[in-house]
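Tertiary structure, described
Next come the chains, spelled out residue by residue.
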Amino acid sequence: MAKIIVITSGKGGVGKTTTSAAFASGLALRGYRTVVIDFDVGLRNLDLIMGCERRVVYDLINVIQGEAKLQQALIKDKRCENLYVLPTSQTRDKDALTTAGVTAVMDELRKEFDYIVCDSPAGIESGALMALYHADEAIVVTNPEVSSVRDSDRILGILAARSRRAEQGEEPVKEHLLLTRYSPKRVEDGEMLSLEDVKELLRTPLLGVIPESEVILQASNQGIPAIHMENSDVAEAYKDVVARFLGEERPLRFIQPVKVGFFKRLFGG
Amino acid sequence: MANPRSPGTESSAPLRVSGGVFTLSILHLESNNPQQLAQRIAEEHQRHPAAADFHRHAPVVLDLSAIPEEAPLALSAILEVLRAANWFPVGLRNAAPGHQALAQDLHLPILRGQDRNAAPQPETPPPTQPVPASPGGLIIDHPIRGGQRSYARGGDLVCLAAVNAGAEIMADGNIHVYGPLRGRALAGVNGQDTARIFCVSLEAELVSVAGLYRTLEPGYPLWGKAAQIYSRDEQLHITALNL
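Here is a short report on the structure shown in this document. Predicted, not measured: the structure shown is a model, and the values here were computed from it.

**Concerning the sheet that holds strand β3 (residues 88-93) of chain B**
Residue and element names in this part refer to chain B.
- Taken together, the 3 strands give an open sheet; going across it, the order is β1-β2-β3, and neighbouring strands pair in parallel fashion. Of all the strands in the sheet, just β1 (25-28) and β3 have a single pairing partner and so form its edges. Each strand of the sheet is rotated relative to its neighbour by a mean of 35 degrees, with strand direction disregarded.
- For strand β2 (residues 59-63) and β3, the ladder comprises 5 bridges, and the chain directions are parallel. Bridge pairing in β3 places V60 opposite P89.

**Quick word on the side chain of H134 of chain A**
- Relative to the helices and strands, H134 of chain A resides in the loop between α6 (126-133) and β6 (137-142).
- Apart from residues lying up to four places away in sequence, H134 of chain A is in contact with I4, V102, T103, M106, R110 and R164 of chain A.

**What to know about the interface of chain A and chain B**
- Taken together, the contact pairs 12 residues of chain A with 11 residues of chain B.
- Interface area for chain A against chain B, summed over the two sides, is near 870 Å², with a carbon-plus-sulfur share of 39%.
- Joining chain A to chain B, the criterion identifies 4 salt bridges.
- Here R145 of chain B and D153 of chain A are joined by a salt bridge, their closest N and O atoms 3.1 Å apart.

**A closer look at the pattern of salt bridges**
- Evaluation of the coordinates by the stated rule reveals 29 salt bridges over all chains.
- The salt bridge partner of K3 of chain A is E137 of chain A, with a shortest N-O separation of 3.2 Å. With K3 of chain A in strand β1 (residues 3-8) and E137 of chain A in strand β6, the pair connects residues that are 134 residues apart, well separated along the chain.
- As a salt-bridge pair, E168 of chain B and R184 of chain B come within 3.7 Å of each other at their nearest N and O atoms.

**Some remarks on the sheet that holds strand β12 (residues 212-215) of chain B**
Residue and element names in this part refer to chain B.
- Reading across the sheet, the 5 strands line up as β5-β7-β9-β11-β12 and stay open at both edges, with mixed pairing between neighbours. Looking at the sheet topology across the chains shown, the edges are occupied by β5 (149-152) and β12. Looking at each pair of strands side by side, their axes are set apart by 10 degrees on average, direction ignored.
- Bridge count for β5 against strand β7 (residues 168-171) is 4 bridges, and the pairing is parallel. Paired with S150 across the two strands is I169, which belongs to β7.

**As for the nonpolar core**
Residues and elements named next belong to chain A.
- Judged by nonpolar contacts, the single largest core of 48 residues is most densely connected at V35, I37, F39, L86, L97, L109 and I116.
- Looking at this core, the element that brings in the most residues is helix α7 (residues 146-162), giving 5 residues.
- If we skip the residues at most four places from it in the chain, I37 touches L46, L60, L86, M106, L109, I116, V117, C118 and D119.
- Membership of the second largest hydrophobic core comes to 38 residues, among which are I49, C80, Y115 and V215.

**Re the packing of helix α1 (residues 34-47) of chain B against helix α3 (residues 75-84) of chain B**
Residues and elements named next belong to chain B.
- Contact geometry for α1 and α3: axes closest at 9 Å, N-to-C directions at 15 degrees. Classed by the angle they form, the pair α1 and α3 counts as roughly parallel. Between α1 and α3 lies a crossing whose hand is right-handed. Residue-level contacts link P34, L37, A38 and I41 of α1 to A77, I78, V81 and L82 of α3.
- A per-class count over the contact of α1 with α3 returns 8 nonpolar, no polar and no charged.

**Here we look at the packing of aromatic side chains**
Residues and elements named next belong to chain A.
- Applying the stated rule across the entire model yields 4 aromatic pairs over all chains.
- For the ring pair F23 and F245, a centre distance of 5.0 Å and an interplane angle of 90 degrees mean the geometry is edge-to-face. Taken together, the residues F23 in helix α1 (residues 16-29) and F245 in helix α12 (residues 233-245) connect sequence positions 222 residues apart.
- Taking relative accessible area as the criterion, F245 reaches 11% and is therefore assigned buried.
- Between the aromatic rings of Y84 and F113, the centroid separation amounts to 5.7 Å while the plane-to-plane angle is 70 degrees, which identifies the pairing as edge-to-face. Linking Y84 in strand β4 (residues 83-86) with F113 in the loop between α5 (99-112) and β5 (115-119), this pair joins segments that are 29 residues apart in sequence.
- A relative accessible area of 19% means that Y84 is categorised as buried.
- Taking the ring centre of F113 as reference, the NZ or CZ of R33 above it sits at 5.3 Å.

**Considering α3 of chain B**
All names here are of chain B.
- Residues L75, I78, L79, V81 and L82 constitute the buried set of α3. Down the axis of α3, the buried set is contained in an arc of 155 degrees. They therefore lie on one face.
- Looking one or two residues past α3, N86 carries a phi angle of roughly 70 degrees, positive in sign.

Parameters and conventions
Residues numbered from 1 in each chain as written. Chains lettered and ligands numbered in written order. Predicted model: local features only at pLDDT ≥ 70, side-chain atom pairs only at ≥ 80, totals over all residues. Heavy atoms only, no water. Pairing = 2+ DSSP bridges. Helix = DSSP H or I, 4+ residues; strand = E, 2+ residues; numbered from the N terminus. Axes fitted to C-alpha atoms, helices over the stretch in contact; angles between N-to-C directions. Contact = heavy atoms within 4.5 Å. Buried area = accessible area lost by both parts, 1.4 Å probe. Salt bridge = Lys/Arg side-chain N within 4 Å of Asp/Glu carboxyl O. Core = buried A, V, L, I, M, F, W, Y, C linked by side-chain atoms within 4.5 Å. Buried < 20%, exposed > 50% of the residue type's maximum accessible area, 1.4 Å probe, protein only. Parallel < 35°, antiparallel > 145°, perpendicular 65-115°, else oblique. Left-handed = near helix turned anticlockwise from the far one by under 90°. Nonpolar A, V, L, I, M, F, W, Y, C, P; charged D, E, K, R; others polar. Phe/Tyr/Trp six-rings, centres within 6.5 Å; stacked < 30°, edge-to-face > 60°. Lys NZ or Arg CZ within 6 Å of the ring centre and 35° of its normal. Arc of directions from axis to C-beta.

Here's what the structure looks like:
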């Protein structure tokens, strides 16, 4: 039976789409048949991050409205054998998502895939509610700053109250915390909340920490999911996240400031 | 149409009733003689003209604790004196039973105050007898997140996890929080002023007992400490819990 995972946060710009792309790619690299769905109707981004924007013909909304078959809208990823992207519409708005339509799409995808990754829009309105409604597990993406933490707290509350599992009285959605854009140096300088602060405030099991990195920007501009950026901290950190999600033990990395050597400091990098 | 809610097209929306806490001036009545009251007000206003301005159109509650139960009370004459002095009497408190009936005839509410014949109570420590266990009640074993509200109707609310910033917990009875209390906690919301709030780490945005409330900020002396919040003599008290 397929597992549905929502990548959500409440706040915008924290790294949901980056995480959706990297996480879905990571699952596919492990051999799982995976689909990643963009729920941000009207602000289509996932296809850009995945580098498939020129291959979008039909989208989620077309499928929901019966204008296309699901197979026509699914785009096969060019890097991973087992990964498909279901893009959203750039021209419609979020009201085009209907509960019945989304449920029908989910039911069909469940038959075909091992993992369904839902990239949620920011906010707590209908688009975000649709993205989290069917979730079995949730990855809450949080930046180490107070407003992001507060919004994550809010979305955790909504997950506990408004998901299908909550409504039908099933076992609650399994929650994971993913801390992104983490800069150990700035934590040390007291400019950022520390990992411990965020864990203490949200009290949700930690899935991983993704360091702040220029690589993310390079990756998204080139349309390459960050997990494919060889020899980067970010790719390693996302691989750890996928491994932990699949139940493997991995120690946390990239949470200590990098010690710059004396000569490097003297002569520059 | 000028008035969309003319009687013919009456809306079926339910009546909106909500609670509120107001600060009112209390006038302690010294005698039951209306002339004497008028004279005292005139004297006072002559001595302090600013006071006359300050009191103009001010809602005022009459405290009758100095008026003996058996004394006759010309309540309507007293109200006339107050209105002539530009005050708006809005209620009575500490009225003897006979005087309360007078107020009802004049459609003047009796406001809840300290008990008429209560002996002054010691300031600390708080009473040790427990608040009676309540039949209703709610036990929550997961964190209460920002934006969530929980209400224990007719009983106590016990939270075994954190109450996060932006969350609101309410109970007709007591509130116990065994994680950090960072949101708002309102005990005794239906007016039970013996209700209390107990928490192991006080970091609340707001605490309230039976309508008395206060906000808290990180500089507060008991911040992050185990504390209880209760109401006494219409004041909110916050004391450390020595666990």
